[in-house]
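# Understanding the architecture of this molecule
Below are the chains, spelled out letter by letter.
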Amino acid sequence: MNQENHLQGRTIIDKEVSWDKTQVIMSKTNAFGIIEYANEVFIDVCGYEDYELMGQPHNIIRHPDMPKVIFKVLWENLKAGKNFHAVVKNLAKSGRYYWVITDFEIAKDENGVIVNYFGRRQAVPQEVIAMHIEPLYKKLLQIEGAGGVEFSEKYLIGFLEEKKRSYVEYIKELILEHEKSQSKFSHPEEEDERGFFSRLFNK
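This is a predicted model, so every value here is computed, not measured.

### Considerations on the nonpolar core
If you look at the biggest cluster of nonpolar residues, it comprises 56 residues, and the most contacted ones within it are V87, Y98, Y137 and Y167. For this core, the leading source of residues is helix α6 (residues 167–181), giving seven residues. Sequence-distant contacts of Y98, defined by excluding residues within four places in its chain, comprise V17, W19, I25, V45, C46, I61, V88, K89, N90, L91 and A92.

### Some remarks on the sheet that holds strand β7 (residues 114–123)
Taken in spatial order, the five strands make up an open sheet running β4-β3-β7-β6-β5, and their pairing is antiparallel. In the strand order of this sheet, the two ends are held by β4 (35–38) and β5 (87–91), each with one partner. Across the sheet, the axes of successive neighbouring strands diverge by a mean angle of 35°, strand direction being ignored. Pairing of β5 with strand β6 (residues 97–108), which is carried by five bridges, proceeds in the antiparallel orientation. From the neighbouring strand, V88 faces β6, where its bridge partner is V100.

### Description of the packing of helix α4 (residues 126–147) against helix α5 (residues 149–163)
It is at 7 Å that the axes of α4 and α5 come closest, and there the two elements cross at 145°. In terms of crossing hand, the pair formed by α4 and α5 is right-handed. In this structure, α4 contributes L136, K139, L140, I143, E144 and G147 to the contact, and α5 contributes V149, F151, S152, Y155, L156 and F159. Residue classes in the contact of α4 with α5 are distributed as eight nonpolar, two polar and two charged.

### With respect to the pairing of β5
Taken across its five residues, β5 has five buried, putting it largely inside the fold. Residues V87, K89 and L91 point to one face of β5 and V88 and N90 to the other, with burial holding for every one of them. What sits between the antiparallel neighbours β5 and β6 is a turn of five residues, in which G95 has the positive phi angle 95°.

Calculation notes
Residues numbered from 1 in each chain as written. Predicted model: local features only at pLDDT ≥ 70, side-chain atom pairs only at ≥ 80, totals over all residues. Heavy atoms only, no water. Core = buried A, V, L, I, M, F, W, Y, C linked by side-chain atoms within 4.5 Å. Buried < 20%, exposed > 50% of the residue type's maximum accessible area, 1.4 Å probe, protein only. Helix = DSSP H or I, 4+ residues; strand = E, 2+ residues; numbered from the N terminus. Contact = heavy atoms within 4.5 Å. Pairing = 2+ DSSP bridges. Axes fitted to C-alpha atoms, helices over the stretch in contact; angles between N-to-C directions. Left-handed = near helix turned anticlockwise from the far one by under 90°. Nonpolar A, V, L, I, M, F, W, Y, C, P; charged D, E, K, R; others polar.

This is the structure in structure tokens:
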């Protein structure tokens, strides 16, 4: 895998950021993904000061281990006015990483034009990352390196078709299976997608 060892002056460190995973990371961007607000949790976890983040593209925290196709699908949904729950590996200022799952509220003006995205992010169970997400993302990244995003997307579509799930349904299923194994909820399978993510993000 052709990973950049230096990204925006940062050395990539294969260690996780230590953070309180009960907290919710929040940010607000304009329609082009430029950061207009970041809460204290965001500041603490990513290691940047707020003045360093304001006016910067949100991809300032993009980790080189992330396949481009995941952001392609994420942005296609957001620009269409649809929330999207993506599992993302982010890069802190220190060069360490942290994994999150996304949740968005989309603000539109009186003409229905998107003006802001309010992003909420929560931690993802480590077992879900290690057993399912990392192997998939590594494969997508390898395909992107060899054949480009087009074939990475074709592989992702085929992978999800085989499972008869959308990306978001697949992520929900992985987290529910983990919760069931931890016996956190007695009947999580009764939740619909909206109810599941509302609970996950305490909405």
